[in-house]
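Listed below are the residues making up each chain.
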Amino acid sequence: MRYHPDLLNELNFLLNFNLDTTQQGVKVHKNAEPATIAAAKSLYEKGLITMEDGGYLTDLGREASEHAQALLTLLRTPETA
């Protein structure tokens with residue numbers, strides 16, 4: 001199984017959250033890229049974020065974001081850091 005582009009968009013969206021605080025959310029504006037809008041909607045439907053246009057991470061979303069950020073750190077090469 002491979003990562004589908006839609007899942008990659010969701011992973012990239014999760015990277016936008018600051019894990020150092022629970023008081024900072026993300027807002028997706030209506031003029032954002034369609035893929036970003038779709039990713040936010042999908043994450044909301046999966047219960048990972050609190051609003052269809054962003055909002056805050058749920059407990060499950062925080063865990064997913066932590067994993068997404070950790071995976072990126074593990075896979076990043078020194079040239080892309």
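Before going into details, it helps to say that this report is about the structure given with it. (Residues numbered from 1 in each chain as written. Predicted model: local features only at pLDDT ≥ 70, side-chain atom pairs only at ≥ 80, totals over all residues. Heavy atoms only, no water.)

**Section: the layout of surface pockets**
Here comes step 1: Quantified by volume, the largest pocket comes out at close to 160 Å³.
Here comes step 2: Every residue lining the largest pocket is listed: Tyr 3, Leu 8, Leu 11, Asn 12, Leu 15, Ala 68, Leu 71, Leu 72 and Leu 75.
Here comes step 3: Of all the secondary-structure elements, those providing two or more residues to the lining of the largest pocket are α1 (5-14) and α3 (59-75).
Here comes step 4: In terms of residue count, α3 provides more of the lining of the largest pocket than any other element does, four residues in total.
Here comes step 5: When its residues are assigned to classes, the lining of the largest pocket shows eight nonpolar, one polar and no charged. (1 Å grid on protein atoms, 1.4 Å probe; cavity = no way out; pocket = protein on both sides within 12 Å on 5 of 7 lines; lining within 4 Å. Points joined across faces, edges and corners; volume = space filled by probe spheres on them. Helix = DSSP H or I, 4+ residues; strand = E, 2+ residues; numbered from the N terminus. Nonpolar A, V, L, I, M, F, W, Y, C, P; charged D, E, K, R; others polar.)

**Description of the side chain of Glu 10**
Here comes step 1: Turning to its location among the elements, Glu 10 is positioned in helix α1.
Here comes step 2: Among the polar contacts made by the side chain of Glu 10, one reaches the side chain of Ser 42 at a distance of 2.7 Å.
Here comes step 3: Apart from residues no more than four positions distant in its own chain, Glu 10 is found in contact with Ala 39, Ser 42, Leu 43 and Lys 46. (Polar contact = N/O pair within 3.5 Å; in protein donor to acceptor, adjacent residues only side chain to side chain. Contact = heavy atoms within 4.5 Å.)

**A closer look at the sheet that holds strand β3 (residues 54-57)**
Here comes step 1: Pairing in this open sheet of three strands is antiparallel, and the strands run β1-β3-β2 from one edge to the other. Here the strands that pair on one side only, and so sit at the sheet edges, are β1 (26-27) and β2 (49-51).
Here comes step 2: In this structure, β2 lies alongside β3, joined through two bridges in antiparallel fashion. Among the inter-strand pairings, Ile 49 is bridged to a residue of β3, identified as Leu 57.
Here comes step 3: Sitting on the sheet, helix α2 (residues 34-45) touches β2 and β3, and the angle it makes with β2 is about 105°. (Pairing = 2+ DSSP bridges. Axes fitted to C-alpha atoms, helices over the stretch in contact; angles between N-to-C directions.)

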